[in-house]
Amino acid sequence: MAVLFLSCENVFHNDALDYMWRLDSVEYLDSLDFYGKPCLEESKEGLWFSFARDLIWLESSNSGFSAIGIMIDKGDYLIFDFSMYNEENWKGINDGLNIFGIGSRVSAFNVTELNRKHLILTGRKTVLRFTRW
């Protein structure tokens, strides 16, 4: 009987978050993008966030950019850590993260909304809006 119960245990610790999410838009809270250009909101296409256990995987089907980072789930907020990448060993990491609405290699986002269809993350500079894929 114990084996039966253990075999039904969830693989992921957060079934609501763990999955693949399409990034739909990035809203800039101070009305400036990461390069100082005026921008309220930017629609996105071909950008994917995948969450599984303590990992986050970013993938762009447009540019070919891809990065795997550490995710720390604090319940009401998430920390994304891509500090293992640096400009010396991987040129363009900061620009790649900026495309995804992430302003630095270590960033925190409040979980503003999380349900079966939508995810909204609010950071210091951006609000990221997703649709579950």
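Predicted model only: the values in this text are computed from it and were never measured.

## Some points on the overall build of the chain
Then comes step 1: Along the backbone of the chain there are two helices and nine strands.
Then comes step 2: Put simply, the chain has 133 residues, and 35% of those count as buried.
Then comes step 3: Restricting to contacts in the chain with at least 6 residues of sequence separation, those with at least 24 account for 52%.
Then comes step 4: When the accessible surface of the chain is totalled, it reaches about 7900 Å², and 56% of it is carbon and sulfur.

## Some remarks on the confidence of the model for the chain
Then comes step 1: Confidence in the prediction for the chain averages 89 pLDDT; 89% of positions are at 70 or higher.
Then comes step 2: Under a pLDDT of 50 for its full length, residues 1-5 has, in the predicted model, zero contacts with residues more than four places off or in other chains.

## Comments concerning unusual backbone geometry
Backbone phi values are negative for most residues with the exception of glycine, while trans is the configuration of most peptide bonds.
Then comes step 1: Here S31, not a glycine, exhibits a phi torsion of approximately 65 degrees, which is positive.
Then comes step 2: By the element assignment, S31 lies in the loop between β1 (19-28) and β2 (41-43).
Then comes step 3: For S31, a relative accessible area of 30% puts it in the partly exposed group.
Then comes step 4: For R53, which is not glycine, the phi torsion reads 50 degrees and is therefore positive.

Thresholds, definitions, all that
- Residues numbered from 1 in each chain as written.
- Predicted model: local features only at pLDDT ≥ 70, side-chain atom pairs only at ≥ 80, totals over all residues.
- Heavy atoms only, no water.
- Helix = DSSP H or I, 4+ residues; strand = E, 2+ residues; numbered from the N terminus.
- Buried < 20%, exposed > 50% of the residue type's maximum accessible area, 1.4 Å probe, protein only.
- Contact = heavy atoms within 4.5 Å.
- Areas by Shrake-Rupley, 256 points an atom, 1.4 Å probe, with all protein chains shown as cover.
- pLDDT = per-residue confidence, 0-100.

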